[in-house]
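Chain by chain, the residues:
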Amino acid sequence: MRLSHHYVVPHVSTGDMLRAAVKQGTAIGLKAKDQMDRGELLGDELIMDMVEERLQESDVRARGFVLDGCPRTVAQAERLAEILAPFDLDLAIDIEIHTSQVLRRLAARRVCMDCGANYSLSAPPLINWTCDVCGGEVVQREDDTEEAISRRLELYEYQTAPLIDWYKFRNQLQSVPGTGSPDAVTRRMVKVIEDRRQKGSGF
Ligand code: AMP
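A short tour of the structure in this document, coming up. (Residues numbered from 1 in each chain as written. Predicted model: local features only at pLDDT ≥ 70, side-chain atom pairs only at ≥ 80, totals over all residues. Heavy atoms only, no water.)

### Things to note about the overall build of the chain
Put simply, the rule is: Labels follow the DSSP assignment, with helices taken as runs of H or I lasting at least four residues and strands as runs of E lasting at least two, numbered in each case from the N terminus. Only protein chains enter the accessibility calculation, which uses a 1.4 Å probe; a residue is then buried when its area is under 20% of its type maximum, exposed when over 50%, and partly exposed in between. Residue contacts follow a heavy-atom distance rule, with two residues in contact if any of their heavy atoms lie within 4.5 Å. In short, Shrake-Rupley with a 1.4 Å probe defines the accessible areas, and a residue's cover is counted only from the protein chains shown. Note that His is not counted, nor are the chain ends; the positive residues are Lys and Arg, and the negative ones are Asp and Glu. Charge positions are represented by NZ for Lys, CZ for Arg, CG for Asp and CD for Glu.
In terms of helices and strands, the chain carries 10 helices and 7 strands. Referenced to the eigenvectors of the C-alpha coordinate spread, the extents of the chain come out at roughly 45 × 35 × 35 Å. By the burial criterion, 38% of the 203 residues in the chain qualify as buried. Once local pairs closer than 6 in sequence are excluded, the contacts in the chain between residues at least 24 apart make up 64%. A total accessible area of about 12100 Å² is found for the chain, and carbon and sulfur atoms account for 53% of it. Separation between the mean location of the 26 positive side-chain charges and that of the 32 negative ones in the chain comes to 5 Å.

### Regarding the packing of aromatic side chains
What counts here: The criterion for an aromatic pair is that two Phe, Tyr or Trp rings (for Trp, the six-membered ring) have centres within 6.5 Å, with stacked assigned to planes under 30 degrees apart, edge-to-face to planes over 60 apart and tilted to the rest. We count a charge as sitting over a ring when the NZ of a lysine or the CZ of an arginine lies within 6 Å of the ring centre and within 35 degrees of the ring normal.
Counting across every chain of the model gives 1 aromatic pair. Across from the ring centre of tryptophan 166, 3.6 Å away, lies the NZ or CZ of arginine 170, which sits over that ring.

### With respect to empty space enclosed by the protein
Defined as follows: For each structure, a 1 Å grid was placed over the protein atoms alone; sets of points admitting a 1.4 Å probe that cannot get out are labelled cavities, open sets with protein on both sides within 12 Å along at least five of seven lines are labelled pockets, and lining residues have an atom within 4 Å of a point. Grid points are joined across faces, edges and corners, and a volume is the space filled by probe spheres set on the points. The residue classification treats Ala, Val, Leu, Ile, Met, Phe, Trp, Tyr, Cys and Pro as nonpolar and Asp, Glu, Lys and Arg as charged. All others, Gly included, are polar.
On inspection of all chains with the given rule, the structure shows 1 cavity of 30 Å³ or more. The calculated volume of the largest cavity comes to roughly 40 Å³. Among the secondary structure elements, those contributing two or more residues to the lining of the largest cavity are helix H6 (74–84) and helix H9 (162–169). With 4 residues, H6 is the largest single contributor of residues to the lining of the largest cavity. Residues that form the lining of the largest cavity fall into these classes: 7 nonpolar, 1 polar and 2 charged.

### Examining the site of the ligand
To keep things clear, this is the line we draw: Whether a residue is near a molecule or strand depends on its heavy atoms: it is near if one of them lies within 4 Å of it. Polar contacts, as counted here, are pairs of nitrogen or oxygen atoms within 3.5 Å of one another; within protein the pair requires one atom able to donate a hydrogen and one able to accept it, and residues that are adjacent in sequence qualify only if both atoms are side-chain atoms.
Within the structure, the ligand sits among 16 residues, and Thr14, Arg19, Glu40, Arg72 and Gln76 are positioned closest to it. In the model, an oxygen atom of the ligand is placed 3.1 Å from a nitrogen or oxygen of the arginine 141 side chain. Alone, the ligand offers 480 Å² of accessible surface; in the complex the protein occludes 94% of this. Sorting elements by how many residues they give to the shell around the ligand places helix H2 (residues 14–24) first, with 4 residues.

### What to know about the sheet that holds strand S4 (residues 109–112)
Filter applied, for reference: In short, DSSP must find at least two bridges between two strands for them to pair.
Here 3 strands make up an open sheet; going across it, the order is S5-S4-S6 and the pairing antiparallel. In this open sheet, the two strands that pair with only one neighbour each are strand S5 (118–120) and strand S6 (138–139). Note: S4 against S6, 2 bridges, orientation antiparallel. Bridge assignment links valine 111 to a residue of S6, and that residue is valine 139.

### Regarding the packing of helix H7 (residues 99–108) against helix H8 (residues 146–160)
Definition in use: As a rule, the C-alpha atoms of each element are fitted with a line to give its axis, helices using only the stretch in contact, and angles between N-to-C directions run from 0 to 180 degrees. Crossings are assigned a handedness: left-handed for a near helix turned anticlockwise from the far helix by less than a right angle, right-handed for a clockwise turn.
In the contact formed by H7 and H8, the axes pass within 11 Å of each other and the chain directions differ by 140 degrees. The handedness of the crossing between H7 and H8 is right-handed. Packed against H7, whose contacting residues are Thr99, Val102, Leu103, Leu106 and Ala107, the element H8 presents Ile149, Arg152 and Leu153 at the interface.

### Quick word on the nonpolar core
One recurring pattern in soluble globular proteins: nonpolar side chains tend to sit buried together. The test is simple: Residue types Ala, Val, Leu, Ile, Met, Phe, Trp, Tyr and Cys, when buried and joined through side-chain atoms within 4.5 Å, form a set referred to as a nonpolar core.
Core analysis: the biggest nonpolar cluster contains 24 residues, and Leu18, Ile47, Leu55, Leu80 and Tyr167 have the highest contact counts within it. At the level of secondary structure, the elements contributing two or more residues to this core comprise helix H3 (27–38), helix H4 (44–55), H6 and H9. Broken down by element, this core gets its largest block of residues, 6 residues, from H4. Non-local contacts of tyrosine 167, meaning those with residues more than four positions away in its chain, are made with Pro71, Ala77, Leu80, Leu89, Ala92, Gln172 and Leu173. Counting residues in hydrophobic clusters, the runner-up holds 11 residues, among them Tyr7, Val176, Val190 and Val192.

In structure tokens:
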């Protein structure tokens, strides 16, 4: 979210799109809810059909985009490359963080039900769990339970972590430490993007 604000481009988050579908009660939403609450990954085809549709919209085509939460499997990365051809992703960013810290952060995370803004127990909204951005109610995500978090981490290890080598091999990966405040992590991401731009990779 912070990165897309910085570059004034759309934030394309598969998790946000799925949560919106659940809220609207669409066919995808009905299918997704139970799996999301358990921390399971949804099918590659369903996810990538949804992403393909979104990436055809005019705002994305005009300005580019920050893709968040996707790809989460090698099959998704392959399909994404097909969708974007003859172009490709400018950069994939791996935010490195120790598992114990992920657990701590997710257990303390609170989100706005309306706009998805993120807070935590240690950095709550200014007024009584009411979102600073839109006034919505700030709550704990239903999939931020201990069981669902540990399932997400388990799936990360064997489904998503292989993408690090996949993108490294294609010279598309930059890693940044995920320690410190959200603003500090965003600054590191902006730096690796700007470094890559200066090296003249064409974007
Ligand atoms: P997130 O908000 O990115 O943490 O995503 C929340 C949940 O949505 C995940 O735990 C999955 O159940 C589902 N999800 C989001 N993105 C994907 C994806 N790229 N592939 C499969 N499932 C996804």
